[in-house]
Amino acid sequence: YNVRNVEANRKFWIALGAQPVMLGTREVLKFPGVLVFLTQAESSGGTEGSVVNHVAFRVPNVTQSLARMKAAGYKVEEGASGTGKVGNVWGPEDERIELMEDQSVNVKFVPDRAPYVQPSKMNVPITLHHIHFYVRANSVADVKAWYVKIFGGIPGTRYKTVDPPYDAADLPGVNLNVSEVPGTLAPIKGRRLDHIGFEIENLEAFCKKLEASGITLDAPYRKLPSGIANAYLTDPWGVYIELTEGLLH
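Residues numbered from 1 in each chain as written. Predicted model: local features only at pLDDT ≥ 70, side-chain atom pairs only at ≥ 80, totals over all residues. Heavy atoms only, no water.

Caption draft 1: Summary view of helix α3 (residues 140–151). In a regular helix each residue adds 1.5 Å, so twelve residues correspond to 16 Å; α3 covers 17 Å between its end C-alpha atoms and thus fits that length. Taken together, the buried positions of α3 are Val140, Val143, Lys144, Trp146, Tyr147, Ile150 and Phe151. Angularly, the buried residues of α3 cover 160 degrees about the axis, an arc narrow enough to put them on a single face. In α3, the exposed residues that point more than 90 degrees away from the buried face are Ala141 and Lys149. After α3 finishes, the residue glycine 152 shows a positive phi value of roughly 75 degrees. (Helix = DSSP H or I, 4+ residues; strand = E, 2+ residues; numbered from the N terminus. Expected span 1.5 Å × (residues − 1). Buried < 20%, exposed > 50% of the residue type's maximum accessible area, 1.4 Å probe, protein only. Arc of directions from axis to C-beta.)

Caption draft 2: Structural detail: the pattern of salt bridges. A full pass over the atoms with the stated rule returns eight salt bridges. The salt bridge partner of glutamate 101 is lysine 85, with a shortest N-O separation of 2.9 Å. Taken together, the residues span a long stretch of sequence, with glutamate 101 in strand β9 (residues 96–101) and lysine 85 in the loop between β7 (76–78) and β8 (86–90) at a distance of 16 residues. On the accessibility criterion, glutamate 101 (9% relative accessible area) is buried. (Salt bridge = Lys/Arg side-chain N within 4 Å of Asp/Glu carboxyl O.)

Caption draft 3: Region of interest: the packing of aromatic side chains. Inspection of the entire model under this criterion finds 14 aromatic pairs. Taking 4.8 Å as the distance between ring centres and 50 degrees as the angle between the ring planes, the aromatic pair formed by phenylalanine 151 and phenylalanine 198 counts as tilted. With phenylalanine 151 in helix α3 and phenylalanine 198 in strand β15 (residues 196–199), this residue pair connects regions lying 47 residues apart in the sequence. We note that phenylalanine 151, like phenylalanine 198, is buried. Connected via pairs of aromatic rings, a cluster forms that spans Phe133, Trp146, Tyr147, Phe151, Phe198, Phe206 and Trp237. A cation over a ring is seen here: lysine 108 above tyrosine 159, with NZ or CZ 5.1 Å from the ring centre. (Phe/Tyr/Trp six-rings, centres within 6.5 Å; stacked < 30°, edge-to-face > 60°. Lys NZ or Arg CZ within 6 Å of the ring centre and 35° of its normal.)

Caption draft 4: Quick peek at the sheet that holds strand β3 (residues 26–31). Taken in spatial order, the three strands make up an open sheet running β2-β3-β4, and their pairing is antiparallel. In this open sheet, the two strands that pair with only one neighbour each are β2 (19–23) and β4 (34–36). Ignoring which end each strand starts from, the neighbouring axes of this sheet average 45 degrees apart. As paired strands, β2 and β3 are joined by five bridges and run antiparallel to one another. Residue pairing for β3: glutamine 19 is matched across the bridge by lysine 30. The strands touched by helix α1 (residues 6–16) are β2, β3 and β4; relative to β3, the strand with the most contacts, the crossing angle is about 30 degrees. (Pairing = 2+ DSSP bridges. Axes fitted to C-alpha atoms, helices over the stretch in contact; angles between N-to-C directions. Contact = heavy atoms within 4.5 Å.)

Caption draft 5: Quick look at empty space enclosed by the protein. Inspection of the entire model under this criterion finds one cavity of 30 Å³ or more. There is about 60 Å³ of room inside the largest cavity. Lining of the largest cavity is provided by Tyr1, Val3, Asn9, Phe12, Trp13, Leu38, Gly91, Glu93, Glu95 and Arg192. If one sorts the elements of the lining of the largest cavity by residue count, α1 sits on top with three residues. Among the residues forming the lining of the largest cavity, the class breakdown is five nonpolar, two polar and three charged. (1 Å grid on protein atoms, 1.4 Å probe; cavity = no way out; pocket = protein on both sides within 12 Å on 5 of 7 lines; lining within 4 Å. Points joined across faces, edges and corners; volume = space filled by probe spheres on them. Nonpolar A, V, L, I, M, F, W, Y, C, P; charged D, E, K, R; others polar.)

This is the structure in structure tokens:
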């Protein structure tokens, strides 16, 4: 995230449930399976209006989580369905984070070519659930297919309380949801959520495979003095992605 006030945003993520940890000389905010990086910088806008509309976390009880965040001084709102199983909380720079309740229909993901398996009950206070892409008309199937092909995602649908389910691709630790919306959606690089990232085993070989398939990397594979390796690419719809190896170990 590019933020104007790092300390205010740090407090927000810690209130939400992140643990501050040191990664070399840099502090990051850690949730089970995902890291949040805060960089002091101006941005061209929030996630609203971009191809990544929002990020969502799964919690044991949405009502309790919203009450806790409201008591800490943050804006909250229960989901429009009125079930109390979905809600939103806004960070200090008006970035919306969605919360979804453990075991509710809203976290249900059904693979296209396999039987449904009920997710196990949470054993952590909070965990990443999904990243929600908003794309132009007639692009949903292509987005889903691209993430299945490139990252080995499991194709399927993610359900919600009302209305038809979302097309989705499931990866270890995160569900990618895709919705069709009218209008023009901005690429995310330079916005408040500047990029998302995936941890990749054998990243160098993965990057060579991408390049051999015709995908151009924004920044080629490199291994940093810390031992962490990374590379960057942008998907065809404007999602800027960092690929890493060794970041979560």
